[in-house]
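# Structural characterization, general
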Amino acid sequence: MEIDITGARILYTFPIDVPFLGKFQLTETILISWLVMLIITGFCIWLTHDLKVENISKRQALAELIVEKANSFVVGNMGEKFRYMIPFVSALFATSVVSNLISLVGLRSPTADLSTEAAWAVVVFIMITAQKIKSSGFGGYLKGFTTPIPIMTPFNVLSELATPISMACRHFGNILSGVVINGLIYAALAVASSALFGLLPGVVGDVLSQIPFLDVGIPAILSVYFDWFSGIMQAFIFCMLTVMYIANAAEG
């Protein structure tokens, strides 16, 4: 089994060289990311099918609730002029949540791969920079690196670059730590189960010690935090940082 530098399994290597990147590799992260996009697309199609003005269904009520919450989140934190950001922020949140929670069905979360969060952070960083240039002009943007005194320029540049790095690493670190901790819990419970049932005499003990009984139930309780709470919370934090950074950049 081949592993790339991000820890994701390499499923297939295409015999075509990509300029400056080498051979294109189909990794587990890419495959599951496409699955996440298909899930979100299918869910949106299902929610928005057969919409009505009166006597709406529970499905349509759920769709309207989601849209209302997305509108209030973006407009409430960024202002009315950023209403055009609602689709982007909604898509970012949905992708993050589904990617985080897909580990519940035994698949490796794409967000446990730093390249996923790094790509998101680069997109957000470009949008932040575009807002700063739009607000202050290109000259004003460059001049901002010299405030309050020119000698601070290197530190201001580092601070600017730290924004996408911190956003990516915060999200990645929390999701990966949950994956690692869950793996350690499963392994520890399997060892404990083997030791406990191994105390039984004879063939019964030999057979039961090979079955990880303790892996059933206990990890599910712990996943309420490591998968559900942490996964949704990290998606919320990433989106909140996105809207706040962009809104602050627009203020100049």
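Residues numbered from 1 in each chain as written. Predicted model: local features only at pLDDT ≥ 70, side-chain atom pairs only at ≥ 80, totals over all residues. Heavy atoms only, no water.

## Regarding unusual backbone geometry
Let me state the cut-off plainly: A run of H or I in DSSP becomes a helix once it reaches four residues, and a run of E becomes a strand once it reaches two; helices and strands are each numbered from the N terminus.
The backbone of D50 shows a phi angle near 60°, a positive value even though the residue is not glycine. Within the secondary structure, D50 sits in the loop between α1 (28–47) and α2 (58–78). Phi at N55 is positive, roughly 50°, even though this residue is not glycine. Note that N55 resides in the loop between α1 and α2.

## Thoughts on the pattern of salt bridges
The line we're drawing: The term salt bridge refers to a pairing of a side-chain nitrogen on Lys or Arg with a carboxyl oxygen on Asp or Glu at a separation within 4 Å. Exposure is judged per residue with a 1.4 Å probe applied to protein chains only, and the accessible area is read against the type maximum: over 50% gives exposed, under 20% gives buried, and values in between give partly exposed.
One pass over the structure, following the stated rule, counts two salt bridges. With a shortest N-O distance of 2.7 Å, R83 and E80 are connected by a salt bridge. We classify R83 as partly exposed; its relative accessible area is 38%.

## What to know about the packing of α1 against helix α3 (residues 86–101)
Selection rule: Note on geometry: axes are lines fitted to C-alpha atoms, helical ones only across the stretch in contact, with angles between N-to-C directions running from 0 to 180 degrees. With respect to orientation, any angle under 35 degrees is reported as roughly parallel, any angle over 145 as roughly antiparallel, any angle of 65 to 115 as roughly perpendicular, and every other angle as oblique. Crossings are sorted by hand: turned counterclockwise from the far helix by less than a right angle, the near helix makes the crossing left-handed, and turned clockwise it makes it right-handed. Contacts are residue-level and defined by heavy atoms, with any inter-residue pair within 4.5 Å sufficient. Only Asp, Glu, Lys and Arg are considered charged in this grouping, and only Ala, Val, Leu, Ile, Met, Phe, Trp, Tyr, Cys and Pro are considered nonpolar; every other residue, Gly among them, is considered polar.
Close contact between α1 and α3 brings their axes to 10 Å; oriented N to C, the two are set at 120°. It follows from the interaxial angle that α1 and α3 lie oblique. Judged by the twist between their axes, the crossing of α1 over α3 is right-handed. Across the interface between the two elements, V36, I39 and I40 from α1 touch A94, T95, V98 and S99 from α3. Residue composition of the contact of α1 with α3, grouped by class: five nonpolar, two polar and no charged.

## Description of the side chain of N100
Mapped onto the fold, N100 is located in helix α3. Residue classification places N100 among the buried positions, given a relative accessible area of 3%. Among residues more than four places away in sequence, those in contact with N100 are S109, T111, H171, I175, G231, Q234 and A235.

Bear in mind that shape data such as this cannot, by itself, settle questions of function.
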